[in-house]
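Now for the letters of each chain:
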Amino acid sequence: MATKFTPLHDRILVHRLEEAGTTRGGLIIPDSAKDKPQEGGVIAIGKGKTNDEGKVFALAVKEGDRILFGKYSGTEIKIDGEDLLIMKEEDVLGVVTGAAKRELAGARK
């Protein structure tokens, strides 16, 4: 049976997207040389942030969103043998929409 996890307040549960294991030229990158990906998918979200009067504000991200976050954001946890991250919504840098292409900024037209 799968474990159900619901973050509290303004926290979100994220699954990191894996980086490619090879370069564009076909070189294999060993795990020890890879940086941790800073992109992930939102699995679960909390109810939202509460202000001083007790009013709850919904989060800007939703389950299924593809997000970018800082290199050292969140806390790594393991649920049912799967490595996940739990972080506050404020650690999210942005939401990726459409087909994301990884290219150099100078190559754009």
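Before any of the text, the structure's been laid out above.
Residues numbered from 1 in each chain as written. Predicted model: local features only at pLDDT ≥ 70, side-chain atom pairs only at ≥ 80, totals over all residues. Heavy atoms only, no water.

Caption draft 1: Region of the structure containing the sheet that holds strand β2 (residues 39–45). Pairing is antiparallel across the open sheet formed by six strands, whose spatial order is β6-β7-β1-β2-β5-β8. The open sheet has two edge strands, β6 (75–79) and β8 (92–96), and neither has a second partner. Taking the axes of each pair of neighbouring strands and ignoring which way they run, one obtains an average angle of 45° across the sheet. Relative to β2, strand β1 (residues 11–16) runs antiparallel, the two being bridged by five bridges. Of the residues in β2, the one forming a bridge with H15 is G41. (Pairing = 2+ DSSP bridges. Helix = DSSP H or I, 4+ residues; strand = E, 2+ residues; numbered from the N terminus. Axes fitted to C-alpha atoms, helices over the stretch in contact; angles between N-to-C directions.)

Caption draft 2: A look at the environment of D91. Following the sequence through the fold, D91 ends up in the loop between β7 (82–88) and β8. Counting along the chain gives 79 residues from D91 to I12, while the straight-line C-alpha distance between them is 9.8 Å.

Caption draft 3: Region of the structure containing the pairing of β2. For β2, the buried fraction is high: five of the seven residues fall into the buried class. Where β2 meets strand β5 (residues 66–69), three bridges bridge the pair, whose relative direction is antiparallel. Each residue of the ladder has a partner; that of E39, found in β5, is L68. (Buried < 20%, exposed > 50% of the residue type's maximum accessible area, 1.4 Å probe, protein only.)

Caption draft 4: Looking closely at the pattern of salt bridges. What the rule picks out here adds up to six salt bridges. Linking K49 and E90 is a salt bridge whose minimum nitrogen-to-oxygen distance equals 3.9 Å. With K49 in strand β3 (residues 49–50) and E90 in the loop between β7 and β8, this residue pair connects regions lying 41 residues apart in the sequence. According to the relative accessible area criterion, E90 is exposed, its value standing at 58%. Here D65 makes a salt bridge to K62, at a shortest N to O gap of 3.1 Å. Taking relative accessible area as the criterion, K62 reaches 52% and is therefore assigned exposed. Where salt bridges share partners, they join D10, K49 and E90 into one cluster. (Salt bridge = Lys/Arg side-chain N within 4 Å of Asp/Glu carboxyl O.)

All quantities given are derived from atomic positions and should not be read as evidence of function.
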